Amino acid sequence: NDAKFQVGVQILRNKIDIDRADRAFSDIADTAIRGLLPPILDEFEQQHGRCAGSGFAVLALGKLGGRELSATSDLDLVFLYDSPAAAGNEPAVSDGPKPLSVSHYYQRLGQRVVNAMTALTGEGRLYEVDMRLRPSGNAGPLSVSLESFSEYQRESAWTWEHLALTRARVVSAEPEFAARIEADIRAALAIERPEEDLLVAVAEMRKRMAKEHGSDNPWSIKHVRGGLVDCEFMAQYLQLLHAHDNPEILDTGTSSAFTKLRDAGLLAQDIADELIEATCLWRRLQGLLRLTLEGRHNPDHFPSALQQQLAEAAGVGSYAEVDRLVRETTERIYIRFNEIITDPAHKIAATQTEQSDGDNET
């Protein structure tokens, strides 16, 4: 918390920009996870021993996976473990005084990690942890073997889960295990997908999200149409579309993904530059708002000092200019979203409806 506070003060004093701050917040979270795991493992192993294999891994998704964590972000995590016992050539239980089956062992270990991260102490809690992006969500086991995780991603995962997987990053694991995890993730993301099915699924998903979380307030940076979510959807969709033939475009960061798509000739330079500029603007403004305000961001109630800082974060001279920039950028990015995703998806859906009607008449 001291380290997070220090970064926040540096932001408010204009010592670092939000882009560097987001990386710093992510580094703090990585360090907290890596620092907690050894004592948790030591205590756990005294009771239950160890299991054969490469052990336990923490996978970050969402903002932490993309190294875009803000001051108030929770952590989207997935726990993976190695399970050579599943192949039948290793013991199926741990080797400690109180042995556990491999599956039970890692479920208990994963719960201890979550408890350590979220425990409310005299110094507060480290982070809120969100495990809903694990296979099968809240209905699935807390820790998943890499074999099961990879099979799920190849054969059962929904499109939205693959969109989320574009931001997956190994935070803690043995080097050999981390390399296997990264290889399996890249293989899942590089599956060849029918463009029409992918487009329709992504468009429908964004439509449902807008219905549930949408806002007409242009300062609702995340959910307003043309805001941060639209930028992230475009980056993730384009990666899933092109990764089969161009795996080098995969990147957990939104802006860096647009850069790789542009450099690979898969996104026009002017469009890519526009999307990168908008993504950076949204992250800077959102980071500052989350650092200074709670709840919904009503521009009518922004203090004058915050208005000036928002202008400086956007690189303009006054709040009136940044307010105009925000409104113009949402309109422009929403047009791009419609060009890339919504309009083509509507055409595909209309064609499919016509074909279905024709088949019924026949």
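Calculation notes
- Residues numbered from 1 in each chain as written.
- Predicted model: local features only at pLDDT ≥ 70, side-chain atom pairs only at ≥ 80, totals over all residues.
- Heavy atoms only, no water.
- Helix = DSSP H or I, 4+ residues; strand = E, 2+ residues; numbered from the N terminus.
- Rg over C-alpha atoms; globule rule 2.2 N^0.38 Å.
- Buried < 20%, exposed > 50% of the residue type's maximum accessible area, 1.4 Å probe, protein only.
- Areas by Shrake-Rupley, 256 points an atom, 1.4 Å probe, with all protein chains shown as cover.
- Lys, Arg positive; Asp, Glu negative; His and termini not counted.
- Charge placed at Lys NZ, Arg CZ, Asp CG, Glu CD.
- Core = buried A, V, L, I, M, F, W, Y, C linked by side-chain atoms within 4.5 Å.
- Contact = heavy atoms within 4.5 Å.
- Arc of directions from axis to C-beta.
- Salt bridge = Lys/Arg side-chain N within 4 Å of Asp/Glu carboxyl O.
- Phe/Tyr/Trp six-rings, centres within 6.5 Å; stacked < 30°, edge-to-face > 60°.
- Lys NZ or Arg CZ within 6 Å of the ring centre and 35° of its normal.
- pLDDT = per-residue confidence, 0-100.

**Student:** Which residues make up the overall build of the protein chain, and what values go with them?
**Tutor:** Helix and strand counts for the protein chain stand at 13 helices and five strands. For the protein chain, whose C-alpha radius of gyration is 22 Å, the value lies close to the compact-globule estimate of 21 Å for 362 residues. Out of the 362 residues belonging to the protein chain, those deemed buried represent 50%. By element, 48% of the accessible surface of the protein chain is carried by carbon and sulfur atoms, the whole surface being about 17,600 Å². The centroid of the 38 positive side-chain charges in the protein chain is displaced by 5 Å from the centroid of its 56 negative side-chain charges.

**Student:** Any chance you could break down the nonpolar core for me, citing the residues and the numbers?
**Tutor:** L59, L77, W219, L285 and L310 are the most contacted members of the largest nonpolar core, which totals 105 residues. In terms of residue count, helix α11 (residues 269-292) provides more of this core than any other element does, eleven residues in total. Setting aside residues up to four positions removed in sequence, W219 forms contacts with L285, L289, H297, P299, F302, L310, Y319, V322, D323 and V326.

**Student:** Describe helix α1 (residues 2-12), with residues and values.
**Tutor:** Where α1 is concerned, the buried positions are K4, V7, G8 and I11. Across the axial projection of α1, the buried residues extend over an arc of 100 degrees, all falling on one side. In this structure, α1 carries D2 and F5 as exposed residues pointing more than 90 degrees from its buried face. One or two positions beyond α1, positive phi appears at N14, with a value near 60 degrees.

**Student:** Would you mind going over the pattern of salt bridges in detail, with residue names and values included?
**Tutor:** Here the structure, examined in full by the defined rule, presents 24 salt bridges. A salt bridge links E232 to R167; its shortest N-O distance comes to 3.5 Å. Taken together, the residues E232 in helix α9 (residues 228-242) and R167 in the loop between α6 (159-165) and β5 (169-172) connect sequence positions 65 residues apart. Note on R167: relative accessible area 6%, which makes it buried. One network of salt bridges, with partners in common, ties together D27, D30, R34, R67 and R169.

**Student:** I'd like to hear about the environment of I28, residue by residue, with values.
**Tutor:** On the secondary structure map, I28 appears in helix α2 (residues 18-48). Separated by 41 residues in the primary sequence, I28 and L69 place their C-alpha atoms 9.7 Å from one another. If sequence neighbours within four positions are ignored, I28 has contacts with A3, K4, V7 and Y127.

**Student:** Explain the packing of aromatic side chains residue by residue, including any values.
**Tutor:** Inspection of every chain in the model, using the stated rule, returns eight aromatic pairs. Centre to centre, the rings of Y81 and Y106 are 4.4 Å apart; their planes meet at 10 degrees, and the pair counts as stacked. One end of the pair, Y81, is in strand β2 (residues 75-81); the other, Y106, is in helix α4 (residues 102-118), with 25 residues separating them in the sequence. Between the aromatic rings of F302 and Y319, the centroid separation amounts to 6.2 Å while the plane-to-plane angle is 80 degrees, which identifies the pairing as edge-to-face. One end of the pair, F302, is in the loop between α11 and α12 (304-314); the other, Y319, is in helix α13 (residues 319-361), with 17 residues separating them in the sequence. Y319 carries the same exposure label as F302, and that label is buried. Ring-pair connections join several aromatic residues into one group, and the members of that group are F44, F56, F79, Y81, Y105 and Y106. The side chain of R206 reaches across the aromatic face of F233, ending 5.9 Å from its centre. Between R225 and the ring centre of F337, over which it is positioned, the NZ or CZ distance is 4.9 Å.

**Student:** Before we move on, can you summarise the confidence of the model for the protein chain with the specific residues and values?
**Tutor:** Any segment with low pLDDT has predicted coordinates that should not be analysed in fine detail. Residues at a pLDDT of 70 or more form 96% of the protein chain, whose mean pLDDT is 92. Confidence scores differ between elements of the protein chain, with α13 showing the lowest mean pLDDT of 89 and β5 the highest of 98.

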